[in-house]
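Breakdown of the fold
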Amino acid sequence: MRLAARNAVLWGGIDYGNSDSPGSGVSQSRGVMRGDILGRLPNSLSEVSQIADLLLEKDNRVKVISGSSATERSFTVRSGKRDYILHVSTHGFFHDSGCFTNPMQNSGLLFADSQRYWATDSLVSSISDVDGILRADEIARLDLNGCRLVVLSACQTGLGEYNSEGVYGLQRAFKSAGAQSILMSLWSVDDSATRELMVAFYNGLIDGRNLDDALAAAQNSLRRKGYSPDKWGAFVILN
């Protein structure tokens, strides 16, 4: 990683389109099931704001997108922009609905105004860049060549459906789009612990560690503080 004078875009503190105040009625997990209320994640905006400050210290060009501005479209327009880092702090999902036979439509990330489409299977067949649900098949069609690191600070982003040709999910989607490395999770993750882990991870990168060492150091820092493995062990890097 060359964290100097690079371009980074971070999404967090997303308004999913309901009347909940931040943290209201939301579990401490970033994973959701179909029909759940998509309350704002209490630590998500703090996470990306802290990371942005760290990157700015290295003269990087940083853009934070939050609230109702963090639309699905705000991500898809990054296609062809050659961003060095893309970081998404949000709710993630795997095995969204039995309505889809295409495995690349059964995992994804949730953006602004996705609540009404997420609330019921009656709208599940709508796949577009206006429903706020960014599915793996939509990501695979983007041009993310030049992207050194994608950080998926959400639940179950490393999972996918297996067949004889490999794993179909977000990891395949981002690789198909051209991303070089992906930080992703293997199970549902805790909102507060994930914020702490992500900030520690970027601190490691700023200090000159490579991706794997920065993640290991961040995970060890949470372990030493007494966090159980389920709070820090979910994240892995695909290079």
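What comes next concerns the included structure.

**With respect to the overall build of the protein chain**
- Helix and strand content of the protein chain: eight helices and 11 strands.
- Put simply, the protein chain has 239 residues, and 54% of those count as buried.
- Across the protein chain, every contact between residues at least 6 apart in sequence was considered, and the portion connecting residues at least 24 apart equals 77%.
- In the form shown here, the protein chain has an accessible surface area of approximately 9,700 Å², with 46% of it arising from carbon and sulfur atoms.

**Quick notes on helix α6 (residues 191-206)**
- Here α6 contains 16 residues, and its C-alpha end-to-end distance of 23 Å stays within 8% of the 22 Å for a straight helix at 1.5 Å per residue.
- Of all 16 residues that make up α6, 13 are buried, and the element is covered over most of its length.
- Where α6 begins, the capping side chain belongs to aspartate 190, and its oxygen is found 3.2 Å from the backbone nitrogen of serine 192.
- Backbone geometry just after α6 places glycine 208 at a positive phi near 100°.

**A short note on the pattern of salt bridges**
- The full count for this structure, using the stated rule, is five salt bridges.
- Of the charged contacts, one joins aspartate 230 and lysine 231 as a salt bridge, the two residues approaching to 3.2 Å between their closest N and O atoms.
- Classification of aspartate 230 by relative accessible area gives partly exposed; the value is 40%.
- Overall, lysine 231 belongs to the partly exposed group, its relative accessible area being 26%.

**Looking at the side chain of aspartate 131**
- Structurally, the position occupied by aspartate 131 is in the loop between α3 (115-118) and β6 (133-135).
- An unpaired buried charge is present at aspartate 131: no salt bridge exists, and arginine 135, the closest side chain of opposite charge, is 5.0 Å distant.
- At 2.9 Å, the side chain of aspartate 131 and the backbone nitrogen of isoleucine 133 are in polar contact.

**A short note on the pairing of strand β3 (residues 85-89)**
- Where burial is concerned, most of β3 is hidden: five out of the five residues are buried.
- Of the two faces of β3, the one lined by Ile85, His87 and Ser89 and the one lined by Leu86 and Val88 are each fully buried.
- In this structure, strand β1 (residues 7-14) lies alongside β3, joined through four bridges in parallel fashion. By the bridge assignment for β3, alanine 8 is matched with isoleucine 85.
- Pairing between β3 and strand β7 (residues 149-153): five bridges, direction parallel. The residue of β7 that forms the bridge with isoleucine 85 is leucine 149.

**Focus: the nonpolar core**
- Trp11, Phe75, Leu86, Leu110, Phe111, Val150 and Phe174 are the most contacted members of the largest nonpolar core, which has 38 residues in total.
- Among the elements that make up this core, the one with the highest residue count is helix α5 (residues 170-177) (four residues).
- Once residues within four sequence positions are removed from consideration, leucine 86 is found in contact with Val9, Trp11, Phe75, Arg78, Leu144, Cys147, Leu149, Val150 and Val151.
- Membership of the second largest hydrophobic core comes to 31 residues, among which are Val48, Cys155, Ile206 and Leu211.

About the thresholds
- Residues numbered from 1 in each chain as written.
- Predicted model: local features only at pLDDT ≥ 70, side-chain atom pairs only at ≥ 80, totals over all residues.
- Heavy atoms only, no water.
- Helix = DSSP H or I, 4+ residues; strand = E, 2+ residues; numbered from the N terminus.
- Buried < 20%, exposed > 50% of the residue type's maximum accessible area, 1.4 Å probe, protein only.
- Contact = heavy atoms within 4.5 Å.
- Areas by Shrake-Rupley, 256 points an atom, 1.4 Å probe, with all protein chains shown as cover.
- Expected span 1.5 Å × (residues − 1).
- Polar contact = N/O pair within 3.5 Å; in protein donor to acceptor, adjacent residues only side chain to side chain.
- Salt bridge = Lys/Arg side-chain N within 4 Å of Asp/Glu carboxyl O.
- Lys, Arg positive; Asp, Glu negative; His and termini not counted.
- Pairing = 2+ DSSP bridges.
- Core = buried A, V, L, I, M, F, W, Y, C linked by side-chain atoms within 4.5 Å.

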